[in-house]
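Residue strings, one per chain:
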Amino acid sequence: MKRVVKTLILVMLAMFVSSSVNASVLTAAGYSVTDITIDMPASAFLGGFDILPNGNYVINDGCSIREVKRDGTAGQTFYSYETAVYGSFVRVNNGTLYFSDSSTESSRIMSMSLSGGSATTLTTLSGNYDMDFAGNDAFVVAGNSIYKLGTDGSLDTIATADGYSGPLAFDGEGNLYYAPGHVASDYSSLPTEVLKWTSSQVASAVGAGVLGEADAEAVAQIDGAYGFAFDSGGNLLITDNSSTPAVNILEDGTVSTIAEFSADNTYYPYLTFVRSRSEGQIAVGCSYYDSTWNSHTLICELQAVPEPSSMIALFSMLGFAASSRLLRRGK
């Protein structure tokens, strides 16, 4: 029993220390952070990533759609582009991979089974940016419109909002959240809003009618957003590159920062999409140049660590368990 108690205490102490000593390119109070470095082809960009059923990542770097394991090593390649493109997103849903690019007027949204086989072009959609799902229904944003993508490749316009394409995400109740991109590329039009259309509004726009900004609830003002995802607690995670690249969270109507890019001697740091893993884990796409102008691409994994008060409570419980064990031995 003493050995078990010691082991648990050491594990908890290690978790506490890791939340204070952060060797990642991100500083995140209350989280331990692990950087997964990704080997990239020359001039490639992490256009999108998602989490596979096996827990590994799938990325779209514009050259291929490929698996990256949690230790950074390469897994299987699902699809290779004939010529390099600007990869916009890759998503996983119900055993299917969806991916696209935003390079030309004929940018293809494609799908393929995770179990293998060839990729199928569902439709072409210029300027597409992001995709999310309400159940098994796919929704994609391009330009200033959000579309429902049919299994036959049909596009049904659901909502519009002024500005460039921005991220979208559905919460657990099927409500749609969207942040319009800034009209000015230099972010001089700060701030923008996080818009919310209810699940019933979205359903009413399927097949007929189009929702507008006036139909949405503005749930928050933000400087900017590259990616959206809901965490395990139902809070909206937001990556923002308008000043210092940061991961923000919309919780109980308030936006706060949980992580910031903080590496020294780096240039052009950028956070891309964000994904939520189980048990309080968050994954963030990141890129930057070092002082010798070498490009770096990584996925930063954030793991929430217990508060000190929680550790004290756990130590108390462990102490009680140990003393109870000793009492039983003494009888």
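Residues numbered from 1 in each chain as written. Predicted model: local features only at pLDDT ≥ 70, side-chain atom pairs only at ≥ 80, totals over all residues. Heavy atoms only, no water.

## Regarding the overall build of the chain
The cut-off we apply is this: Under the DSSP-based scheme used, a helix requires at least four consecutive residues in state H or I and a strand at least two consecutive residues in state E, with every element numbered from the N terminus. Classification of residues uses two cut-offs on accessible area relative to the type maximum, computed with a 1.4 Å probe and protein chains only: under 20% is buried, over 50% is exposed, and between them is partly exposed. In this analysis, two residues are considered to be in contact whenever any of their non-hydrogen atoms come within 4.5 Å of each other. Exposure was quantified through the Shrake-Rupley algorithm and a 1.4 Å probe, taking into account, for residues, occlusion by the shown protein chains and nothing else.
In terms of regular secondary structure, the chain is built from three helices and 25 strands. Scored against the burial criterion, the 331 residues of the chain give a buried share of 48%. Long-range contacts, defined as pairs at least 24 residues apart, comprise 47% of the intrachain contacts of the chain with a sequence gap of at least 6. Accessible surface, the chain as shown: approximately 15800 Å² in total, 51% of it carbon and sulfur.

## Points about the side chain of N248
Operational definition: Definition of a polar contact: a pair of N or O atoms within 3.5 Å, with one able to donate and the other able to accept a hydrogen when the atoms are protein atoms, and with sequence-neighbouring residues admitted only if both atoms are side-chain atoms.
Relative to the helices and strands, N248 is located in strand 21 (residues 246-251). We classify N248 as buried; its relative accessible area is 9%. Side chain to side chain, N248 and T257 meet in a polar contact 2.7 Å long. Apart from residues lying up to four places away in sequence, N248 is in contact with L236, L237, I238, D240, V255, S256 and T257.

## Things to note about unusual backbone geometry
For S43, which is not glycine, the phi dihedral falls at a positive 65°. In this fold, S43 is placed in the loop between strand 2 (31-37) and strand 3 (48-51). A relative accessible area of 82% means that S43 is categorised as exposed. Located in the positive-phi region is Y268, a residue other than glycine, with phi close to 50°. Within the element layout of this structure, Y268 appears in strand 23 (residues 266-276).

## What to know about the pairing of strand 17 (residues 192-197)
Along a regular strand, successive side chains alternate from one face of the sheet to the other. As a reminder of what qualifies: When DSSP finds two or more bridges between a pair of strands, those strands are recorded as paired.
For strand 17, the tally of buried residues reaches five of six residues, placing the bulk of the element in the interior. Judged from the three bridges that link them, strand 16 (residues 176-178) and strand 17 form a sheet pairing that is antiparallel. By the bridge assignment, L176 is partnered in strand 17 with W197. When strand 17 meets strand 18 (residues 217-222), the two strands line up antiparallel, connected through five bridges.

## Observations regarding the confidence of the model for the chain
Quick reminder of the rule: For every residue, the predictor states its confidence as a pLDDT score lying anywhere from 0 to 100.
The predicted model of the chain averages 85 in pLDDT, with 83% of residues at 70 or higher. Per-residue pLDDT stays below 50 along residues 309-331; that stretch engages in 16 contacts with residues further than four places along the chain or on separate chains.

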